[in-house]
Amino acid sequence: MIQDASRLTQDLTLEGDVAIVGTGAGGGMAAEVLSQAGLRVVLIEEGALRSARDFHMLEREAYPDLYQESAARKTADKGITILQGRTVGGSTTVNWATSLRTPAQTLAYWRDRFGLRDYTEAQLAPWFERVESRLHITPWSEPPNENNAILRRGAAALGIQTSVIPRNVKGCQNLGYCGMGCPTNAKQSMLVTTIPQALRRGAVLVSRARAERLIFRNGRAHELIVRALLPDGITPGPHNVTVRARHFVLSAGAIGTPALLLRSGAADPYRSIGRRTFLHPTAVSTAIFRDPVRADSGAPQSVYSDHFVDGVPFNGPIGYKLEVPPMHPVLMATALVGFGAEHAAFMARASHAQAVIALMRDGFHEQSAGGTVRLKSDGTPLLDYPISSYVWEGLRRSLVTMAQIQFAAGALSVLPLHESARPFTTFAEARAAIAALPMEIVRMRVMSAHVMGGCSMGEDEKTSVTDGRGGLRNVENVSVFDGSVFPTSLAANPQLSIYAMTARNAVALASRLRAS
Amino acid sequence: MQLTRGRFLRAGLLAAAALAVAGWIYESRPDEPLPDPRYRFGFLDDEDRAIVAAVAPVMLAGALAGPGDVELVVRGLDRAVCGLPLAVRSELRYLFGLLRFAPARMLVAGVWAPWSRADRAQVERFLSGWRNSGIAQLRSAYDALHQLTFAAWYGGERSWPAIGYPGPPRIRA
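Computed from a predicted model, the values in this text were never measured in an experiment.

Section: the overall build of chain A
Now for step 1: The secondary structure content of chain A amounts to twelve helices and 23 strands.
Now for step 2: Taken over the C-alpha trace, chain A has a radius of gyration of 22 Å; the compact-globule value for 516 residues is 24 Å, and the two agree within 12%.
Now for step 3: Along the first, second and third principal axes, the C-alpha set of chain A runs to 65 × 45 × 45 Å.
Now for step 4: Considering chain A as a whole, with its 516 residues, one finds that 61% of them fall into the buried category.
Now for step 5: Nonlocal contacts in chain A, meaning residues at least 24 apart in sequence, comprise 76% of its contacts between residues at least 6 apart.

This is the structure in structure tokens:
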């Protein structure tokens, strides 16, 4: 059953074995596993239910309709712009389909620092294989588009290794519009895979419904209070949905899940909820090439480099992963620095523009403690993420790396996205200028499409919010299945890690619930 | 004109005072009727629209294609704001409240004439000043205007020919 809460004319009470908050990578995967085990599942989603026929490949529709805060969600000091989905399927409906396993080095750090002993490559491998097969994840077999090819070419010229990105697509037409919702259902997002499967097995999906708070009684979550939104999908309406269940799964993402626990007044003796939230703070370097690049067209991400993370020690300067972003007019024009003639001159060459992004591996060093989720006066979440000088230095170094790669690939000019930068025509000029750029919020563009942490899992109750199976401490019947359980960032795009770890934890939960 | 850090710090203190006053004035104003029959503005009223109409031709200098384009940007910006959460909308209400409050417009933004008659060079200095300000709040206020204005223009088909963007591709059946 599917219920659009904005159409409710009275309050509604739903009952099930498991209530799941959120329908992204965690909620979608959990819904399939739990419904397959014969459990009655209720899914609560803040965004609207949209499907391929609604995806018109138009930025002006997609950003307000499918993203948190119209794809312009900001950290508290406005220093970082966050891209995060808000629709049935969550970010999996709008991500760029990159599907990378958790790096071995990250897992080793988790075992070592957080006591997560069974987070080994060998123990996780069957779960990765299971979800890779379920979601048709295979290395991209077509030639990369020119935007990605430039990263590969420039890196190769400098002896920097790149790899092909595995993507969760089936029958992909190589259009390049993954970020606006796949119009052909090729992307194997939760919207077209696990959620329809759960619905066929009797799951109930309530969309345009904002989970407000859990009510706790005697150490258990008793019910979930959900506010129905008005048809605008933003304004809270007059009706409530009350969900009663034996177990509650929180999969509202690494900003939404800690915020729900904070609103609910969940027991938090060590004040850990919402702490250690990570973003992969990302710098952007644009370049103009003689030949057309057409970064709006073709699989958005098919090449990456781990040269600056792989084997790079955690106790030194921060490491960064290199990828490229798709560029459509609004995304490009809003990210681009400057205004007037300067801005228009770059935009006039938009079809020749290329961009590389560097994602900082945050959370592995004492000077990279991440951010904190707190609540605004209206109860909506706000992420406070001050950028430390340690992270700033990584962002600066990455601008040099990216400029060097772009020039090595034949760029006519390189423009780092910083208000004090201008298009540089030689690497020497770019390197000298980047060294002098003031690293300050809003001068330097810092983006994020990966929100992680805030309900860190771990062995030590003093530093963790959840145990290694996603179970919320101090409460019997609440699990967290999403990226908020990661105790650091991943140094990889998060969807595949969320799928695999959720599959493992949800299977364990299902057998526990069936036994009781 | 190069604006010194000291001057902007003073401006920041003034801004704080002005914001308080502007907020109060805004609260006490009755809603004005919307004159345009074709598009119903959800956020911007006449005075806000004058601000956007003064900022857009400067922000988008070299990009706007024809005489009706400023109005397209004004409407696109209004539509964009209406898609934002209520808490963000109230921050923007605060920003527009500041900009429409004459003393703040003159002292903080440095624009002497009312927005509907504002001099282009003064608007350009205002945007440059906030863009390069030592005060992070002014930079982020500039950034909000920047993002909304560019999203409003480049979200529409009229902007695409000049940048060689062919629009969404055809899908194979």
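Notes on the interface of chain B and chain A
Now for step 1: Contacts between the two partners involve 37 residues from chain B, matched on the other side by 40 residues from chain A.
Now for step 2: Mapped by element, the contributors of at least two residues to the side of chain B that touches chain A are α2 (46-59), α4 (86-100), α6 (120-131), α7 (136-154) and α8 (160-163) of chain B.
Now for step 3: If one sorts the elements of the side of chain B that touches chain A by residue count, α7 of chain B sits on top with nine residues.
Now for step 4: When grouped by side-chain class, the residues that make up the side of chain B that touches chain A number 22 nonpolar, ten polar and five charged.

With respect to the nonpolar core
Now for step 1: Counting residues in each nonpolar core, the largest one holds 210 residues, and the members touching the most others are Ala19, Ile20, Val41 and Ile44 of chain A.
Now for step 2: Sorting elements by how many residues they give to this core places α7 of chain B first, with ten residues.
Now for step 3: Those residues in contact with Ile20 of chain A, other than ones at most four positions away along the chain, are Gly27, Ala30, Ala31, Val41, Leu43, Ile44, Val249 and Ser251 of chain A.

A few points about the environment of Arg504 of chain A
All names here are of chain A.
Now for step 1: Mapped onto the fold, Arg504 is located in helix α12 (residues 495-515).
Now for step 2: On the basis of neighbour count, Arg504 is assigned to the buried category, with 24 C-beta atoms found within 10 Å.
Now for step 3: Considered as a pair, Arg504 and Tyr109 are 395 residues apart in the sequence and their alpha carbons are 20 Å apart.

Focus on the packing of helix α5 (residues 146-157) of chain A against helix α10 (residues 389-408) of chain A
Residue and element names in this part refer to chain A.
Now for step 1: The N-to-C vectors of α5 and α10 enclose an angle of 95°; their axes lie 7 Å apart at closest approach. For the element pair α5 / α10, the angle class is roughly perpendicular. Every residue of α10 that contacts α5 at Leu151, Gly154, Ala155 and Ala157 is listed here: Ile405, Gln406 and Ala408.
Now for step 2: When grouped by side-chain class, the residues that make up the contact of α5 with α10 number five nonpolar, two polar and no charged.

Quick notes on unusual backbone geometry
All names here are of chain A.
Now for step 1: Here the phi dihedral of Arg276 falls at roughly 50°; this positive angle occurs in a residue that is not glycine.
Now for step 2: Secondary-structure assignment places Arg276 in the loop between α7 (253-264) and β13 (277-278).
Now for step 3: We classify Arg276 as buried; it has 27 C-beta atoms within 10 Å.

Considerations on helix α9 (residues 341-348) of chain A
Now for step 1: The complete set of buried residues in α9 of chain A reads His343, Phe346 and Met347 of chain A. The arc that holds every buried residue of α9 of chain A, seen down its axis, measures 100°, which confines them to one face.
Now for step 2: On the buried face of α9 of chain A, the contacting elements are α8 (329-335) and β20 (413-416) of chain A together with α8 of chain B.

With respect to the pairing of strand β9 (residues 204-207) of chain A
A regular strand places its side chains on the two faces of the sheet in alternate fashion.
All names here are of chain A.
Now for step 1: Direction of pairing for strand β1 (residues 2-4) relative to β9: parallel, over a ladder of three bridges. Note that in β9 the partner of Gln3 across the bridge is Val206.
Now for step 2: Sheet analysis places strand β3 (residues 41-44) next to β9, joined by three bridges and oriented parallel. If you follow Val42 over to β9, its bridge partner there is Val204.

Quick notes on α7 of chain A
Residue and element names in this part refer to chain A.
Now for step 1: If you check α7, its first and last C-alpha atoms are 16 Å apart, about what twelve residues at 1.5 Å a residue would give, namely 16 Å.
Now for step 2: Where burial is concerned, most of α7 is hidden: ten out of the twelve residues are buried.
Now for step 3: Just past α7, the residue Gly265 takes up positive phi, approximately 65°.

Topic: the confidence of the model for chain B
Keep in mind that low pLDDT regions are not for reading the predicted coordinates in detail.
Residue and element names in this part refer to chain B.
Now for step 1: Averaged over all residues, the pLDDT of chain B is 84; the fraction at 70 or higher stands at 78%.
Now for step 2: Across residues 1-6, where pLDDT falls below 50, the model places four contacts with residues more than four positions away in sequence or in other chains.
Now for step 3: This stretch, residues 22-36, has a pLDDT under 50; its non-local contacts, to residues over four places away or in other chains, come to twelve contacts.
Now for step 4: Scored as a whole, the predicted complex attains pTM 0.94, and scored at its interfaces, ipTM 0.95.

Thresholds, definitions, all that
Residues numbered from 1 in each chain as written. Chains lettered and ligands numbered in written order. Predicted model: local features only at pLDDT ≥ 70, side-chain atom pairs only at ≥ 80, totals over all residues. Helix = DSSP H or I, 4+ residues; strand = E, 2+ residues; numbered from the N terminus. Rg over C-alpha atoms; globule rule 2.2 N^0.38 Å. Buried ≥ 20, exposed ≤ 12 C-beta atoms within 10 Å, placed from the backbone. Contact = placed C-beta atoms within 7 Å. Nonpolar A, V, L, I, M, F, W, Y, C, P; charged D, E, K, R; others polar. Core = buried A, V, L, I, M, F, W, Y, C linked by C-beta atoms within 7 Å. Axes fitted to C-alpha atoms, helices over the stretch in contact; angles between N-to-C directions. Parallel < 35°, antiparallel > 145°, perpendicular 65-115°, else oblique. Arc of directions from axis to C-beta. Pairing = 2+ DSSP bridges. Expected span 1.5 Å × (residues − 1). pLDDT = per-residue confidence, 0-100.

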